[in-house]
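Structural overview
In case you want the letters, here they are:
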Amino acid sequence: MDHHPKYDQSTPMLFGLILAGGKSSRMGRDKALIAYHGKSQWAVLYDLAQKFCVRTFLSLRRDQQDSISPKADFILDRDEYPGPFNGILSAHKAFPDVAWMVLACDLPLIDNKTLQLLVDSRDPSKDATAFATQATGLPEPLAAIWEPRALNRVPEYLKEAASSCPRKFLLNSDISLVIPPRDEVLANANSQEDYERIKQALDSK
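Residues numbered from 1 in each chain as written. Predicted model: local features only at pLDDT ≥ 70, side-chain atom pairs only at ≥ 80, totals over all residues. Heavy atoms only, no water.

1. Here's the deal with the environment of Ile179
With respect to the helices and strands, the residue Ile179 is situated in the loop between β7 (175-178) and α6 (192-203). Sequence separation of Ile179 and Phe131 is 48 residues, and the distance between their C-alpha atoms is 5.8 Å. Not counting chain neighbours up to four residues away, the residues in contact with Ile179 comprise Leu117, Ala132, Thr133 and Gln134. (Helix = DSSP H or I, 4+ residues; strand = E, 2+ residues; numbered from the N terminus. Contact = heavy atoms within 4.5 Å.)

See the structure below:
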């Protein structure tokens, strides 16, 4: 089965980026290494993204290199920008002409069907195509496809912006929103309580 929709030659290639470089302070352990599905969550998302993207990379802090499998392609944070933009813009600098499917490593309920919906809904003429929950209608910047034209603008935006929040950037951009059939596929596991709740949901399936 061909997972890649057909675009014209001017459409940027799609690469995958699994953001695994966060400090995981609320969880108290590295969220990327938690196993909800029998292997580390970064590996689950990495394998999923590879089905849809020409190439896929892990976004890592320098001190994570030893704890993450060397079999995976990775891009180290350049530490030039705050928050999630650190990893996203490090990847953009490495490959400035591609679009990035950006996925946070704390999305344990995202699956093949969900990513298929995102890729099928991609509008390359927009700045980004982002998931949003029915509950909020707000773009999820770490479950989104970012086009290179948008990422080119981010460094200038960050010089003036009061906040380095990627969602704020998307709210001020021309984006396409994708609402999945069930909000729970976008559930974040940020704390031990989140972990227990999601684990229970998975175990009851």
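2. Observations regarding helix α1 (residues 41-50)
Most of α1 sits out of view: eight of its ten residues are buried. Residues Gln41, Trp42, Ala43, Val44, Leu45, Tyr46, Leu48 and Ala49 constitute the buried set of α1. Tucked inside the fold, the buried residues of α1 contact β1 (14-19), β2 (55-60), β4 (99-104) and α3 (112-121). (Buried < 20%, exposed > 50% of the residue type's maximum accessible area, 1.4 Å probe, protein only.)

3. Quick notes on the packing of aromatic side chains
Aromatic ring pairs are defined here through the distance separating the ring centres and the angle between the ring planes. Under the counting rule described, the total for this entry stands at eleven aromatic pairs. Centre to centre, the rings of Trp42 and Tyr46 are 5.9 Å apart; their planes meet at 75 degrees, and the pair counts as edge-to-face. Taken together, the residues Trp42 and Tyr46, both in helix α1 and four residues apart, mark about one turn of the helix. Summarising the burial analysis for this pair, Trp42 and Tyr46 share the class buried. (Phe/Tyr/Trp six-rings, centres within 6.5 Å; stacked < 30°, edge-to-face > 60°.)

4. Focus on the side chain of Asp127
Structurally, Asp127 can be placed in the loop between α3 and β5 (128-132). By relative accessible area, which is 8% here, Asp127 ends up buried. Looking at Asp127, its side chain comes within polar contact range of the side chain of Arg153, at 3.3 Å. Ignoring anything within four residues of it in the chain, the contact list for Asp127 reads Ile145, Trp146, Glu147, Arg149, Ala150, Arg153, Ser173, Asp174 and Ile175. (Polar contact = N/O pair within 3.5 Å; in protein donor to acceptor, adjacent residues only side chain to side chain.)

Spatial relationships are all this shows, so hold off on functional conclusions.
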